[in-house]
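The residues making up each chain are set out below.
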Amino acid sequence: MSKIENFNKDIHTLNYKEKYENVRVTSNDLIKIESREVESLNGLFHFSVDPYETCLRASWYQEKKIADNGLKLPIDSDFEYWDEINVPSCWNTEIKDLYLYENMGLYFKQFDYLKKGKERVFLHFEAVMYRAYVFLNGEPVAMHDGGSTPFSIEITNYIKENNRLIIACDASRSDDRVPMSNTDWFNYGGIYRDIMLVRTPKTFIKDWSSYLVNDTNFSKIAFNLSLDKEVDGFCTFEIKELGIKKEIKIVNGKASDILEAKPILWDTDNPKLYDVSVTYKSDTLFEKIGFREIKVDGLDVKLNGKSIYLKGVSVHEDHIDLGKTTNEEIIRNTIKDLKQMNGNFLRLAHYPHTRLFSKLADELGVLLWEEIPVYWAINFDSKMTYLDAENQLSELILRDRNRASVIIWSVGNENPDTDSRLEFMSKLVDKAKSLDPSRLVSAACLVNTTKLKLEDRLMDKLDIIGNNEYYGWYEPRFEDLLTIFENTELDKPVIITEFGAGAKANNHSTKDTMWSEEYQQDIYKKQFQTISKSKYIKGTTPWIFYDFRAVRRLNRYQKGFNRKGLIDSDRKTKKLAFYVTQEHYSKIK
Ligand code: GCU
């Protein structure tokens, strides 16, 4: 084969992605990182766009500079000389020219590693939007799908003293992905959450969970543990403050037990957290865990046996300066805004937010709805799409199931009631329950506008029903809303997971003028009045807390933002509807 043909052979390669299936990582590879010794790899990476995915086509990651015949190769990549970008970040907010760029971006970093005895080493990402191809020292080590969930890669056999790490990040949208190519938010692109090295013993605790058994006795704590290997042994489960320290047998790498205890129950007024630790040989992990029970009892939602009303609001992970990247200050301010609005609940739409959110919600006493982006009309007929959705759900639940604040797993939003969707999402509901019997499973369903009632075959599978309705905005005949509630007979509670109207902050006019604050305020007043008449609606998360980037929203009031926020995208300017919500929630005990 000639030198030229050899060098440019990739230009004829069509299925250049197939080989990476061999290194796909999923929730089965995910390891628990809480309280582990981690070395952050955050910071400056060399970066370049790669819209033609030439890194994958031409195997740039091999960094081959000399051809087999000894001649120098005129390679087209320059990893060490490219400009730098900070990780974690969205390239859209970091690099002006990439504001709307959604294809492939290449990251490169060198890092040293000093082995500390007999150990295993993992590379762990908290999130990469959407597909990550990971290469270490010239070798493909992982491919991961899913833009908002963590993944771990064992690199024990690839890591050296000096390492060259390349990540190809594909942020493109496609109809087979989850979400598909059409969404009402901007996905951004990049390694937008933390990246780190994790060291573990040769045999280690891969996952563990503990929660209050939901038998309404509030006196049993369940414990489960998985090692990374199917070996026998013993582990120790300890909650000092409850006088619990128990050795539990491990069989084939698994241990589980139920222990008698009377913990102070976690709730929004007293978010009590216990120091819980688990030990296997030299491996000890610990987390702060709140013990509480969330249940549906007839038409009631009960927290620790007491009926509660979920006074909430939906929120996107979208910041005017940082895009999807967030931080503790932003989250604490969001929770402060919620409490100022007399709320106790947040719907983290429409995908898993950072794990920091549920940690802070545990600490501050806020209830959470967490969701995977099975959004609108995804490809319900595709097995690969199902596996992607199921994997994102599994990675979310494995990440957050020790978080008391999370009370609901949502398997999707506003999906058409078709046979394939029913089968697809029913399997997701079953998967959620198999991974976590202690929480409620829901989805945001649509109104049957023909029959004017809440009707969706998935509702039978759900513990609590989410329902989106926009009477007064997309649905002009507001009076139909009460008809819908009166036409609907249900044996389980409903959360109105979306209602609202668009308003440009400081745009004032009459209440009949669309896009004015007064119009939005009037819709909120009428919505709360009508919703209050229903005996089965036990919560609301109006759409939405803050204006957010939505590139399909292009009129003169929106200019690339969805303006249904109760607060402007500056996260400071509150609109009139904020105060309507604040007053409404103040009256609900
Ligand atoms: C839908 C959807 C949201 C969207 C909202 C809107 O209900 O769930 O993601 O942003 O309506 O139209 O503003």
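In this text, all values refer to a predicted model and were calculated from it rather than measured experimentally.

By volume, the second largest pocket amounts to about 520 Å³. Around the second largest pocket, the lining is made up of 24 residues, and of these R24, M384, L387, D388 and N391 lie nearest the centre. Elements supplying a minimum of two residues to the lining of the second largest pocket: helix 6 (383-400) and helix 7 (419-435). By residue number, the principal contributor to the lining of the second largest pocket is helix 6, which donates 8 residues. Broken down by class, the residue content of the lining of the second largest pocket amounts to 6 nonpolar, 8 polar and 10 charged. A domain split of the lining of the second largest pocket shows at least three residues from each of domain 1 (9-200) and domain 3 (304-586).

Let us now look at the sheet that holds strand 16 (residues 274-280). Spatial strand order, 14-13-16-17: 4 strands in an open sheet with antiparallel pairing. The outermost strands of the open sheet, each flanked by one partner alone, are strand 14 (244-250) and strand 17 (283-289). Ignoring which end each strand starts from, the neighbouring axes of this sheet average 20° apart.

Between two packed helices, both the angle of their axes relative to each other and the distance between the axes serve to describe the pair. Here helix 9 (residues 517-531) crosses helix 10 (residues 576-586) at 20°, and the two axes come no closer than 7 Å. Relative to helix 10, the element helix 9 is oriented roughly parallel. Two packed elements cross with a definite hand, and for helix 9 against helix 10 that hand is right-handed. Packed against helix 9, whose contacting residues are E517, E518, Q520, Q521, Y524, K525 and F528, the element helix 10 presents L576, A577, V580, T581, H584 and Y585 at the interface.

Time to look at the nonpolar core. With 74 residues, the main nonpolar core has L346, V374, F424, M425, L428 and F545 as its most contacted residues. Considering each element in turn, this core owes the most residues, 6 residues, to helix 7. Split by domain, this core shows at least three residues from each of two domains, domain 1 (9-200) and domain 3 (304-586). Among all residues touching L428, those that are not within four sequence positions of it are I372, V374, Y386, A389, E390, L393 and V411. Counting residues in hydrophobic clusters, the runner-up holds 32 residues, among them I85, V87, L136 and V141.

Next up on the list: the packing of aromatic side chains. A full pass over the atoms with the stated rule returns 33 aromatic pairs. When the ring of W185 is compared with that of Y375, the centres are 4.6 Å apart and the planes differ by 80°; the resulting orientation is edge-to-face. Note that W185 is positioned in the loop between strand 9 (162-170) and strand 10 (195-200) and Y375 in the loop between strand 23 (367-371) and helix 6, a separation of 190 residues in sequence. Each member of the pair W185 and Y375 is classed as buried.

With that out of the way, let us pick up the pattern of salt bridges. Side-chain pairs of opposite charge can arise where the charged atoms are in close proximity. Taken as a whole and judged by the stated rule, the model has 57 salt bridges. A salt bridge links E317 to K324, with the shortest nitrogen-to-oxygen separation between them at 3.5 Å. Look at E317 and you get buried, because its relative accessible area is 6%. For K324, a relative accessible area of 2% translates into the label buried. A salt bridge links E455 to K451; the shortest N-O distance between them is 2.9 Å. Residue class for E455 comes out partly exposed when judged on its relative accessible area of 31%. The network of salt bridges with common partners includes K32, E34, E126, E287, R355, K359, D362 and R403.

With that settled, consider the site of the ligand. Contacts to the ligand come from 14 residues, most closely from D184, E414, Y474, E498 and K564. Within the side chain of N413, one N or O atom sits 2.9 Å away from an oxygen atom of the ligand. Within the contact set of the ligand, an oxygen atom lies 2.9 Å away from a side-chain nitrogen or oxygen of R553. Taking 320 Å² as the accessible area of the ligand by itself, protein coverage stands at 97%.

Reading guide: rules and limits
- Residues numbered from 1 in each chain as written.
- Predicted model: local features only at pLDDT ≥ 70, side-chain atom pairs only at ≥ 80, totals over all residues.
- Heavy atoms only, no water.
- 1 Å grid on protein atoms, 1.4 Å probe; cavity = no way out; pocket = protein on both sides within 12 Å on 5 of 7 lines; lining within 4 Å.
- Points joined across faces, edges and corners; volume = space filled by probe spheres on them.
- Helix = DSSP H or I, 4+ residues; strand = E, 2+ residues; numbered from the N terminus.
- Nonpolar A, V, L, I, M, F, W, Y, C, P; charged D, E, K, R; others polar.
- Domains from an automatic or database assignment.
- Pairing = 2+ DSSP bridges.
- Axes fitted to C-alpha atoms, helices over the stretch in contact; angles between N-to-C directions.
- Parallel < 35°, antiparallel > 145°, perpendicular 65-115°, else oblique.
- Left-handed = near helix turned anticlockwise from the far one by under 90°.
- Contact = heavy atoms within 4.5 Å.
- Core = buried A, V, L, I, M, F, W, Y, C linked by side-chain atoms within 4.5 Å.
- Buried < 20%, exposed > 50% of the residue type's maximum accessible area, 1.4 Å probe, protein only.
- Phe/Tyr/Trp six-rings, centres within 6.5 Å; stacked < 30°, edge-to-face > 60°.
- Salt bridge = Lys/Arg side-chain N within 4 Å of Asp/Glu carboxyl O.
- Near = heavy atom within 4 Å.
- Polar contact = N/O pair within 3.5 Å; in protein donor to acceptor, adjacent residues only side chain to side chain.
- Areas by Shrake-Rupley, 256 points an atom, 1.4 Å probe, with all protein chains shown as cover.

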